[in-house]
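# Coordinate inspection notes
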Amino acid sequence: MISQAIDLAIKERQSDLDGLTIEHVALDGGSEETGEWSTERERGNALAAAGDPSVVAYIGPYNSGAAKISLPITNKAGLFQGSPTTTWPGLTKPGWEEGEPSIYYPTGERNFVRLMPRDEEEAVAAAKWAATLELKRAYVLHDGSAYSTGLARRFVAAAPAYGIDVKEESGYEPSQAGQVAEEIARSQADLLFYAPSSTSAAVALAKALEKAGAGVSVIASDTAINDQFAEAVGESASGWRFIQNYAPLPEESDKAQAFAGAFRQEYGTPPSLFAANAYDLANLILDAVKQSRGKDRAAIIRQVRSARGYAGAGGTITFDENGDRLDWSMSGYMLAGGKFVVDRLLASAP
């Protein structure tokens, strides 16, 4: 679907490019044995793109782990790289894994943007949601991983702006679920924020909280949004809410609806947000190619990264100095009848 969205953008824009011919080459990043992305394939794809002077942009990859492989290669080559899907914060910001993000930018210059919000913004969305529920006293839990600890830290930093007092921040292992649940019950917190690294850890905590009679509202990150969690906990998670780093196309946007209609007409299926992001990236690149009259890689990097208030199919796009998108939308889920259902949409703007 991402590749199709890029093709659609090029098809729509070809007559607008002052005679320039643009070709989209879709590269397979999957392992022949497993179908999953592989280090070897991603490195090979990036090296091929970086070494071909006719290539002006590298869109992708899908996974953050793969981006860690290709980004230093495109950076050394001065080749623009944009991702419609990656969310790992360390690709653009320090404080996650050692050496990040400088290890991805050996030239010292940034050549990357992404269209999805960083994972850590789930914590901000959680604080925003908690405020609408008038939850004021939070217990923050993490499991010691870079992901979980980073989101916990981000929630603690965001909480005061939403009138939330963090009563306690604590580490957690599944073997300690009963003890931690009792501590939460004694804390008199009315909110627990938790970013689990695994479904099993989330399941253990949900069951322990019910047994301890903690009576606390839980907002968790999207690791727990899966059938395994729903089947294992049943009604134990009736007080849980979940933030997913994803949202449908904005219904109020004429640009989004025009893209969705054109995509459906061309391919016979509705597009995802990831497809809209790829379409927007392709159009930003095409604008830069047209402006620079072709293959000026440095000019393309500068122009795309300088996007401010661009009206895209996936929403308004403004990049900060790190290449992160300033605006975001996320989905808030609840568990009802064993199914995850969207309760509301949360956005960076008020």
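Here, the structure is the one placed above.
In this report, we go over the structure that sits alongside the text.

Parameters at a glance
- Residues numbered from 1 in each chain as written.
- Predicted model: local features only at pLDDT ≥ 70, side-chain atom pairs only at ≥ 80, totals over all residues.
- Heavy atoms only, no water.
- Helix = DSSP H or I, 4+ residues; strand = E, 2+ residues; numbered from the N terminus.
- Expected span 1.5 Å × (residues − 1).
- Bend = angle between axes of the 7 residues up to and from the residue.
- Contact = heavy atoms within 4.5 Å.
- Buried < 20%, exposed > 50% of the residue type's maximum accessible area, 1.4 Å probe, protein only.
- Pairing = 2+ DSSP bridges.
- Axes fitted to C-alpha atoms, helices over the stretch in contact; angles between N-to-C directions.
- Core = buried A, V, L, I, M, F, W, Y, C linked by side-chain atoms within 4.5 Å.
- Salt bridge = Lys/Arg side-chain N within 4 Å of Asp/Glu carboxyl O.
- Phe/Tyr/Trp six-rings, centres within 6.5 Å; stacked < 30°, edge-to-face > 60°.
- Lys NZ or Arg CZ within 6 Å of the ring centre and 35° of its normal.

## Quick look at helix α3 (residues 64-76)
The end-to-end C-alpha distance of α3, which contains 13 residues, comes to 19 Å, matching closely the 18 Å that a straight helix rising 1.5 Å per residue would cover. The largest bend in α3 is about 35°, located at Ser70, with the proline Pro72 one to four residues further on. Summarising the contacts, the buried residues of α3 are in contact with α2 (39-51), β1 (57-59), β2 (80-83) and β3 (112-114). With its phi angle positive at about 65°, Gly78 sits one or two positions after the end of α3.

## What about the environment of Asp254?
Within the fold, Asp254 resides in helix α9 (residues 254-267). Judged by relative accessible area, Asp254 falls into the exposed class, the value being 68%. Taking the C-alpha atoms as reference, Asp254 lies 9.7 Å from Gly312; in sequence the two are 58 residues apart.

## Quick word on the sheet that holds strand β8 (residues 240-244)
As summarised here, the arrangement of the 7 strands in space is β5-β4-β6-β7-β8-β11-β12, forming an open sheet in which the pairing is mixed. Bordering the open sheet on either side are β5 (165-171) and β12 (339-347), each of which pairs with just one other strand. The sheet shows a mean angle of 25° between the axes of neighbouring strands, direction not considered. Relative to β12, strand β11 (residues 329-336) runs antiparallel, the two being bridged by 8 bridges. The partner of Met334 across the bridge, within β12, is Val341.

## Structural notes on the nonpolar core
Membership of the largest hydrophobic core comes to 39 residues, with the highest contact counts inside it found for Phe80, Phe259, Val304 and Phe319. Taken together, the elements giving at least two residues each to this core come down to α1 (2-13), α9, α10 (273-292) and α11 (297-305). Broken down by element, the residue count for this core peaks at 13 residues, all from α10. Setting aside residues up to four positions removed in sequence, Val304 forms contacts with Phe80, Val113, Leu284, Ile285, Ala288 and Phe319.

## Description of the pattern of salt bridges
Using the criterion set out here, one finds 17 salt bridges in the structure. In this structure, Glu97 and Lys68 form a salt bridge, with 3.2 Å as the shortest nitrogen-oxygen distance. With Glu97 in the loop between β2 and β3 and Lys68 in helix α3, the pair connects residues that are 29 residues apart, well separated along the chain. Ionic pairing is found between Glu121 and Arg118, a salt bridge with its closest N-O pair at 2.8 Å. On the basis of relative accessible area, Glu121 is assigned to the buried category, the value being 9%. The class for Arg118 is buried, based on a relative accessible area of 9%. Members of the salt-bridge network, linked through shared partners, are Lys93, Arg114, Arg118, Glu120, Glu121, Arg154 and Asp324.

## Side note on the environment of Pro101
Its place among the elements puts Pro101 in the loop between β2 and β3. Looking at Pro101, the relative accessible area reads 7%, which means it is buried. The spatial distance from the C-alpha of Pro101 to the C-alpha of Gly90 is 5.5 Å, given a sequence separation of 11 residues. Apart from the residues within four sequence positions on either side, Pro101 is in contact with Gly90, Leu91, Thr92, Lys93, Pro94 and Arg110.

## Digging into the packing of aromatic side chains
Tallying each qualifying case throughout the model produces 12 aromatic pairs. Centroid distance Phe242 to Phe340: 5.1 Å. Interplanar angle 85°. Geometry classified as edge-to-face. Separated by 98 residues along the polypeptide, Phe242 in strand β8 and Phe340 in strand β12 bring together distant segments of the chain. Joined through ring pairs, the aromatic side chains of Phe229, Trp240, Phe242 and Phe340 make up one cluster. Over the ring of Tyr105 we find Arg110; its NZ or CZ atom is 4.4 Å from the centre of that ring. The residue whose ring lies beneath Arg153 is Trp96, and the NZ or CZ to ring-centre distance is 5.7 Å.

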